[in-house]
Amino acid sequence: MEKISKVVVSRLPRYYRYLDELRHQKIERISSKELSKLMNVTASQIRQDFNNFGGFGQQGYGYNVDYLYEEIGKLLGLHEKHKMVIVGAGNLGQAIANYGNFKNRGFEITALFDRNPNLIGKKTKYGEIRDIKNVYDYVVENQIEIVALTLPKEAAREIAEKLVSCGVRAFWNFAHTDLSFSDDIIVENVHLSESLMKLTYRIAEKNHQ
């Protein structure tokens, strides 16, 4: 398969979410036109996106919702279990840990770590919060695939670099700094304030119309 653009890949989780809602509504099939109305994406864009992966549909029939949901799930790697730890167990780290839908998507949070003595030992549904100094041995022993970083930016890079040396190959980074490594290390940098600023830009834009 040719390398798919990041823009197309970024739309796959949204397709997956809408298809999940359609499944719960017991809808068995849907056309690109019907899906476009739900998602506010053009029908031609939907067809172009899906054609990158072989199409999924049938002329005159549309898309089988269950089949499309399963196939996009496979593209997103959700047919496999992904073990993850959270490094930084403050408010954001605990909020992420308490989000109940991760397990349904194949993400298994196995532990939380922090350096704050007031948090270490605190009970969570994933066991007690562990001392961050033990995270390196833990990721090796438990073959952790993904690390979510909810740390101050000063600590994030140093800890991430050590985790890479321990075999971690994917980071979900909420620290207020962009992390980047060699091509074999995958990083998704998430900046909540940037998302909020996009919102305020649109508010300002409307106010000046």
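Residues numbered from 1 in each chain as written. Predicted model: local features only at pLDDT ≥ 70, side-chain atom pairs only at ≥ 80, totals over all residues. Heavy atoms only, no water.

Q: Tell me about the layout of surface pockets, and name the residues and values.
A: Empty space within the largest pocket amounts to approximately 2000 Å³. Along its surface, the largest pocket is lined by 35 residues, and Val9, Pro13, Leu76, Trp172 and Glu188 are the ones closest to its centre. Of all the secondary structure elements, the ones that give two or more residues to the lining of the largest pocket are α1 (6–24), β3 (82–87), β9 (170–173), β10 (186–189) and α8 (192–207). Of all the elements, α1 adds the most residues to the lining of the largest pocket, at seven residues. (1 Å grid on protein atoms, 1.4 Å probe; cavity = no way out; pocket = protein on both sides within 12 Å on 5 of 7 lines; lining within 4 Å. Points joined across faces, edges and corners; volume = space filled by probe spheres on them. Helix = DSSP H or I, 4+ residues; strand = E, 2+ residues; numbered from the N terminus.)

Q: I'd love a proper account of the sheet that holds β3, names of residues and values included.
A: Reading across from one edge, β7-β4-β3-β8-β9-β10 is the order of the six strands in this open sheet, with parallel pairing throughout. Because the sheet does not close on itself, it has two edges, and the strands there are β7 (130–131) and β10. Bridging between β3 and strand β4 (residues 107–114) involves six bridges; their strand directions are parallel. Note that in β4 the partner of Lys83 across the bridge is Glu108. The sheet contacts of helix α7 (residues 153–165) involve β3, β8 (146–149) and β9, and relative to β8 the element is tilted by about 170°. (Pairing = 2+ DSSP bridges. Contact = heavy atoms within 4.5 Å. Axes fitted to C-alpha atoms, helices over the stretch in contact; angles between N-to-C directions.)

Q: How would you sum up the pattern of salt bridges? Please name residues and give values.
A: Counted by the stated rule, this structure contains seven salt bridges. Of the charged contacts in the structure, one is a salt bridge between Arg23 and Asp20, with a shortest N-O distance of 2.9 Å. Remark: Asp20 and Arg23 occur in helix α1; sequence separation between them is three residues, near one turn of the helix. Look at Arg23 and you get partly exposed, because its relative accessible area is 27%. Since its relative accessible area comes to 13%, Asp20 is described here as buried. (Salt bridge = Lys/Arg side-chain N within 4 Å of Asp/Glu carboxyl O. Buried < 20%, exposed > 50% of the residue type's maximum accessible area, 1.4 Å probe, protein only.)

Q: Now, about the nonpolar core: what can you tell me, with residues and values included?
A: Most often, soluble globular proteins keep nonpolar side chains buried together rather than apart. Ranked by size, the top nonpolar core spans 24 residues in total, and within it Val85, Val87, Val147, Leu149, Leu163 and Phe171 carry the most contacts. Broken down by secondary-structure element, the contributors of at least two residues to this core are β3, β4, α6 (135–141), β8 and α7. Per-element tally for this core: the top contributor is α7, with six residues. Grouped together as the second largest cluster of nonpolar side chains are 22 residues, Tyr15, Val41, Val65 and Tyr69 included. (Core = buried A, V, L, I, M, F, W, Y, C linked by side-chain atoms within 4.5 Å.)

Q: Quick one: what's the story with the packing of aromatic side chains, residue by residue and with numbers?
A: What the rule picks out here adds up to 11 aromatic pairs. An angle of 20° between the planes, with centres 6.5 Å apart, marks the rings of Phe53 and Phe56 as stacked. Residues Phe113 and Tyr138 carry aromatic rings whose centres are separated by 5.3 Å and whose planes lie at 65° to one another, so their mutual orientation is edge-to-face. Of this pair, Phe113 sits in strand β4 while Tyr138 is found in helix α6, placing the two residues 25 residues apart along the sequence. With a relative accessible area of 10%, Tyr138 lands in the buried category. Residue placement shows Arg23 over the ring face of Tyr69; its charged tip is 4.0 Å from the ring centre. We note Arg157 situated over the ring of Phe181; from NZ or CZ to the ring centre the distance is 5.8 Å. (Phe/Tyr/Trp six-rings, centres within 6.5 Å; stacked < 30°, edge-to-face > 60°. Lys NZ or Arg CZ within 6 Å of the ring centre and 35° of its normal.)

Q: Tell me about the side chain of Thr110, and name the residues and values.
A: Along the chain, Thr110 turns up in strand β4. Setting aside residues no more than four positions away along its own chain, Thr110 makes contact with Lys83, Met84, Val85, Tyr126, Tyr138 and Ile144.

In short, geometric facts, not functional conclusions.
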